[in-house]
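Working through the structure, step by step
These are the residues of each chain, in order.
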Amino acid sequence: MSAADPAAAHPAATASGRPGPVTVPPFAVITGAQVQHALQGRERQITELVEDTYRLHSAGDSVNPPSYFLRFPDRPSARIIALPASIGGPIRVDGLKWISSFPENVAAGLPRASAVLILNDHDTGYPFACLESSIISATRTAASAALAADWLSRSRPRPARVGFFGAGLIARYIHTFLAGNGWSFDQIGVHDLSAGSAAGFRGYLEQSGATGQITVHHSAEQLIRSSDLVVFATIAGQPHVSDLSWFGHNPVVLHMSLRDLAPEILLGSVNVVDDVEHCLKASTSPHLAEQLTGSRDFLAGTLEDVMAGRVTVPAGRPAVFSPFGLGVLDLAVGKYVYDQVTRSGQLHVIDDFFHELRRYG
Ligand SMILES: NC(=O)c1ccc[n+]([C@@H]2O[C@H](COP(=O)([O-])OP(=O)(O)OC[C@H]3O[C@@H](n4cnc5c(N)ncnc54)[C@H](O)[C@@H]3O)[C@@H](O)[C@H]2O)c1
């Protein structure tokens, strides 16, 4: 393995359309430590990148086929999802996120999710990087949550009471991204089925210097009723919150775990998704609402519709954001990390990774 000359290693030299022979790009491996270093403290920048990527996707400058779910009869709670995608614009890269969810890991002290991201060169199709991607995935998810919190609350008083329903790694990243985008709260509520997770999250909040009073709520109802911004980040497989009256104060709801809310809640709310075709699948709450009503009329539109002013989010109803999570976001954040690491001169290239390069030897 060697630290490469950035100019030589950078496949954008061909991808950017610069003249020159088409060559096989060097293959690099980027570790979790490098990913974290490239992203840390850049919450605003990454949130803007995610915003731009939603715009590119909406303008049709992307290919984002359905995710493929690999499931196992002998391990029913586990899955590995493949998210292939291609993004144009200034990013111009193809690739694949391959992300496992093994919920039993948590009891063993390991994170639930693990992932790699492969980036493929636009011109030759050759993979040119493999990046640790649990951090990239959590980062793009948290950035999309912070972006939605901002856009969905523009027509109402900015929420000063946040509630985290499910307090794992994604909740932590979302809090970091909210804080990094300038949010501060008078009250922070936490509710989790596991007392250990609630305590761990509380510890993180205290250590992060978060201002505001922290309360662990043992009742789901209490958490929702006392939060103007509710973040769902559980691993629930089916709806467990079904009483619309808990949302009578019209909170903004970031429904990141997608399967917590009964269709009745969505039918009483303004619903915004990241991508309609993606989100109305795989027994998500919006999918259940479509099955119940036989239509998609309960959807107001996508987050990009809100950003572009085609959809307004009235203050008189709960506003629910349900993002399926798009592979194009992983590509955008992954390419950002790749470029940062390349610029720093720390790109670790695997010499001779591609070996059989002459057709006839
Ligand atoms: N929409 C997206 O783009 C996107 C992206 C990444 C992750 N996610 C989702 O975010 C969720 C959280 O991921 P994570 O890595 O933080 O998981 P995690 O396992 O680290 O944390 C989940 C927490 O939720 C708690 N929990 C489970 N069921 C609950 C319930 N009914 N009520 C209250 N608490 C409950 C668990 O005890 C645990 O502490 C997952 O569902 C994941 O699929 C969504």
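Structure: see above.
Now for a description of the structure that goes with this document. (Residues numbered from 1 in each chain as written. Predicted model: local features only at pLDDT ≥ 70, side-chain atom pairs only at ≥ 80, totals over all residues. Heavy atoms only, no water.)

Before going further, it helps to spend a moment on the packing of helix 6 (residues 169–180) against helix 7 (residues 195–208). At a closest axis distance of 11 Å, the pairing of helix 6 and helix 7 adopts a crossing angle of 20°. The orientation of helix 6 with respect to helix 7, classified from their angle, is roughly parallel. Considering how the two elements wind past one another, helix 6 and helix 7 form a crossing that is right-handed. For the pair helix 6 and helix 7, the contacting residues are Ala 171, Arg 172, His 175 and Thr 176 in the first and Phe 201, Tyr 204, Leu 205 and Ser 208 in the second. (Axes fitted to C-alpha atoms, helices over the stretch in contact; angles between N-to-C directions. Helix = DSSP H or I, 4+ residues; strand = E, 2+ residues; numbered from the N terminus. Parallel < 35°, antiparallel > 145°, perpendicular 65-115°, else oblique. Left-handed = near helix turned anticlockwise from the far one by under 90°. Contact = heavy atoms within 4.5 Å.)

Counted as a void, the second largest pocket has a volume near 240 Å³. Taken together, Gln 36, Leu 39, Gln 40, Gly 41, Glu 43, Ile 135, Thr 139, Arg 172, Tyr 173, Thr 176, Phe 177 and Tyr 204 make up the lining of the second largest pocket. Elements that contribute at least two residues to the lining of the second largest pocket include exactly helix 3 (32–39), helix 5 (134–152) and helix 6. Among the elements that take part in the lining of the second largest pocket, helix 6 stands out by supplying four residues, more than any other. Classifying every residue of the lining of the second largest pocket gives five nonpolar, five polar and two charged. (1 Å grid on protein atoms, 1.4 Å probe; cavity = no way out; pocket = protein on both sides within 12 Å on 5 of 7 lines; lining within 4 Å. Points joined across faces, edges and corners; volume = space filled by probe spheres on them. Nonpolar A, V, L, I, M, F, W, Y, C, P; charged D, E, K, R; others polar.)

The full count for this structure, using the stated rule, is eleven aromatic pairs. Centroid distance Phe 353 to Phe 354: 5.0 Å. Interplanar angle 90°. Geometry classified as edge-to-face. Judged by relative accessible area, which is 43%, Phe 353 ranks as partly exposed. Here the aromatic cluster, defined as three or more aromatic residues joined through ring pairs, consists of Phe 27, Tyr 126, Phe 353 and Phe 354. Its guanidinium or amino end placed over the ring of Phe 72, Arg 75 lies 4.1 Å from that ring's centre, counting from NZ or CZ. (Phe/Tyr/Trp six-rings, centres within 6.5 Å; stacked < 30°, edge-to-face > 60°. Buried < 20%, exposed > 50% of the residue type's maximum accessible area, 1.4 Å probe, protein only. Lys NZ or Arg CZ within 6 Å of the ring centre and 35° of its normal.)

Glancing now at the sheet that holds strand 15 (residues 299–302). Ordered in space as 11-10-9-12-13-16-14-15, the eight strands form an open sheet in which the pairing is parallel. Edge positions in the sheet fall to strand 11 (213–216) and strand 15, since each has one partner strand and no second. Averaged over neighbouring strand pairs, the angle between their axes works out to 20° when direction is ignored. Against the sheet, helix 5 engages strand 12 (229–232), strand 13 (252–255), strand 14 (270–273) and strand 16 (319–322), with an angle of about 155° to strand 16. (Pairing = 2+ DSSP bridges.)

A side chain of one charge can pair with a side chain of the opposite charge if their charged atoms are brought near each other. Evaluated as defined, the whole model comprises 15 salt bridges. Across the pair Asp 228 and Arg 161 runs a salt bridge, and its minimum N-O distance is 2.9 Å. Taken together, the residues Asp 228 in the loop between helix 8 (220–225) and strand 12 and Arg 161 in strand 9 (residues 161–165) connect sequence positions 67 residues apart. According to the relative accessible area criterion, Asp 228 is partly exposed, its value standing at 21%. (Salt bridge = Lys/Arg side-chain N within 4 Å of Asp/Glu carboxyl O.)

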